[in-house]
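Structural characterization, general
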Amino acid sequence: MGGMEAHCHLLIRALAAHGHQVVMFASGDSDPALPLRPITPRHYEAVLPWDRWHGTDELTAFQEAAFASAWAAIREEGFDVVHNNSMHAAIHDWARRDRQPMVTSLHVPPFAGLASALERNGAPWLRQTVTSQAHQACWWDMPPATASVVYNGIDPSDWTFSPNGNGRAIWVGRITPNKGTHIAIDAARAAGLPLDIIGPVDCADYHAREIAPRLGEDCVHHGAMKSDDLVVALRAASVMLMTPMWDEPFGLVAAEALACGVPVAALDRGAMREVIGDAGALAAGPDQLPAAIMRALVLPRAACRARVERLFTVGGMIARYEDAYAAAMSAAADASSCASSEAVLA
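For clarity, every value in this text was computed on a predicted model and none was experimentally measured. (Residues numbered from 1 in each chain as written. Predicted model: local features only at pLDDT ≥ 70, side-chain atom pairs only at ≥ 80, totals over all residues. Heavy atoms only, no water.)

This part covers the state of the cysteines. All told, the structure shown has zero disulfides when counted by the stated rule. Left without a disulfide partner, Cys219 is nearest to the cysteine sulfur of Cys203, which lies 17 Å away. (Disulfide = S-S within 2.5 Å.)

Below you can see the structure in the form of structure tokens.
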């Protein structure tokens, strides 16, 4: 559906390629090429779409049942380490209770339920990773001994470099208020660039109110795209627009665009400054975004690609995750050894 899912898909393939034996607990309609263990027949968007069911008892029960079935299998079978790529708070309670080594990728800024779960479940075998220095600053109570920054990585070979653009801007993401799609439309129009919008409608009211009235010949919404088609669209663009209305923890599509040689013009929120660096231009607010677009357009495309190859490769990501796995497993072993010694002494 988006960046978290793309991250998980690449993570699993890369871990297997590095020689790890991996089991993926996910919905049964996930990619059959992955080592899938279904925890529900179909993903929740196919059963209880988020834009209509979020916050309801029905969706909550659906998710709780799915995650509970995954953890039951984890307890029964035994795993060296769990990589928790979800936002389900109860998993942290279960991992501490069962002394299960676990590394959690925190993909979003802290919200009450997840922050509370982390706070009450501090243990040396429970580690967290965040996607940027800016993101880590949001987790004000995170113990530094069990947290580390792991940049989201991509496989540069999946994102083909193009030395030239087509004179159009591109925006990629879910159509929802916190992604600021309407700001991208207004900024591209003010800069005199046609805009291609790619992504599913996540908030129907927002789309009807703010997006649909703005569309036209110079601004086209293409809907969601498969990965191969997205690569073609990205590498053809002259500039990518990023318009987060929240403190964006990373912004995977920015790295994907840079790998294709597309400079990024972005609102200066969250990790945008950290991810884009000298391969894009930042705007303090929406009014300054058109000028940032014009600055980004003249940046060398080869430098965009080089930034990804230096900082955001899947190989670098896996190496840092392996360090976190090793630390979690070692801490669990030490804790078990201490517990055994205490039992003998008692």
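The phi torsion at Arg99 lies on the positive side, around 50 degrees, for a residue other than glycine. In this fold, Arg99 is placed in the loop between α5 (90-97) and β4 (102-106). Arg99 sits in the partly exposed class, given a relative accessible area of 36%. (Helix = DSSP H or I, 4+ residues; strand = E, 2+ residues; numbered from the N terminus. Buried < 20%, exposed > 50% of the residue type's maximum accessible area, 1.4 Å probe, protein only.)

Turning our attention to the packing of helix α8 (residues 181-191) against helix α9 (residues 204-211). Two elements in contact, α8 and α9, have axes whose closest approach is 10 Å; the angle formed by their N-to-C orientations is 20 degrees. Judged on the interaxial angle alone, α9 and α8 are roughly parallel. The way α8 lies across α9 gives a crossing that is right-handed. Where α8 approaches α9, its residues Thr181, His182 and Ile185 are matched on the opposing element by Tyr206, Glu210 and Ile211. Along the lines of polarity and charge, the residues of the contact of α8 with α9 split into three nonpolar, two polar and one charged. (Axes fitted to C-alpha atoms, helices over the stretch in contact; angles between N-to-C directions. Parallel < 35°, antiparallel > 145°, perpendicular 65-115°, else oblique. Left-handed = near helix turned anticlockwise from the far one by under 90°. Contact = heavy atoms within 4.5 Å. Nonpolar A, V, L, I, M, F, W, Y, C, P; charged D, E, K, R; others polar.)

Before going further, it helps to spend a moment on the pattern of salt bridges. Inspection of every chain in the model, using the stated rule, returns 15 salt bridges. The salt bridge involving Asp278 is made with Arg307; its shortest N-O contact spans 3.9 Å. Linking Asp278 in the loop between α12 (272-276) and β12 (280-283) with Arg307 in helix α14 (residues 301-311), this pair joins segments that are 29 residues apart in sequence. Residues Arg305 and Glu309 are paired through a salt bridge, measuring 3.1 Å at the closest nitrogen-oxygen approach. With Arg305 and Glu309 both in helix α14, this residue pair falls four residues apart, about one helical turn. Glu309 gets classed as partly exposed once you look at its relative accessible area, which sits at 46%. Taken together, the shared-partner salt bridges connect Asp186, Arg209, Glu210 and Arg214 into one network. (Salt bridge = Lys/Arg side-chain N within 4 Å of Asp/Glu carboxyl O.)

Turning our eyes to something else, we now look at the sheet that holds strand β11 (residues 264-267). Sheets are built from strands that pair by backbone hydrogen bonding, the pairs being arranged parallel or antiparallel. If you walk across this open sheet you meet the six strands as β9-β8-β7-β10-β11-β12, and the pairing is parallel. Looking along the sheet, the strands with just one partner apiece sit at the ends: β9 (219-221) and β12. Neighbour-to-neighbour, the strand axes of the sheet open up by a mean angle of 20 degrees, direction not taken into account. Packed onto the sheet, helix α10 (residues 227-236) meets β7 (169-172), β8 (195-198) and β10 (239-242) and runs at close to 145 degrees relative to β7. (Pairing = 2+ DSSP bridges.)

What follows is about helix α6 (residues 112-120). An α-helix turns once per 3.6 residues; consequently, residues spaced three or four apart project the same way. Among all positions in α6, only Leu114, Ala117 and Leu118 are buried. Along the axis of α6, the buried residues cluster in a sector spanning 95 degrees; they form a single face. In α6, the exposed positions that point more than 90 degrees away from the buried face belong to Ala112 and Glu119. (Arc of directions from axis to C-beta.)

Turning to α10, a few remarks are in order. For α10, the complete set of buried residues consists of Leu230, Val231, Ala233 and Leu234. In this fold, the buried residues of α10 make contact with β7, β8, β10 and α11 (252-259).

Nonpolar side chains tend toward joint burial in soluble globular proteins. Counting 33 residues, the largest nonpolar core has Trp159, Ile170, Val172, Leu234, Met240, Met242 and Val264 as the members making the most contacts within it. Sorting elements by how many residues they give to this core places α11 first, with seven residues. Among the nonpolar cores identified, the runner-up in size contains 25 residues, and Ala169, Ala184, Val239 and Leu267 belong to it. (Core = buried A, V, L, I, M, F, W, Y, C linked by side-chain atoms within 4.5 Å.)

Taken as a whole and assessed by the stated rule, the structure comprises seven aromatic pairs. Residues Trp71 and Trp94 carry aromatic rings whose centres are separated by 6.1 Å and whose planes lie at 40 degrees to one another, so their mutual orientation is tilted. Taken together, the residues span a long stretch of sequence, with Trp71 in helix α4 (residues 57-77) and Trp94 in helix α5 at a distance of 23 residues. Trp94 matches Trp71 in its accessibility class, with the two residues each being buried. Seen in terms of ring centroids, Tyr151 and Phe250 are 6.3 Å apart; in terms of plane orientation they differ by 45 degrees. Their pairing is tilted. In this pair, Tyr151 sits in the loop between β6 (147-149) and β7 while Phe250 sits in the loop between β10 and α11, placing the two residues 99 residues apart along the sequence. Overall, the relative accessible area of 19% leaves Tyr151 in the buried class. (Phe/Tyr/Trp six-rings, centres within 6.5 Å; stacked < 30°, edge-to-face > 60°.)

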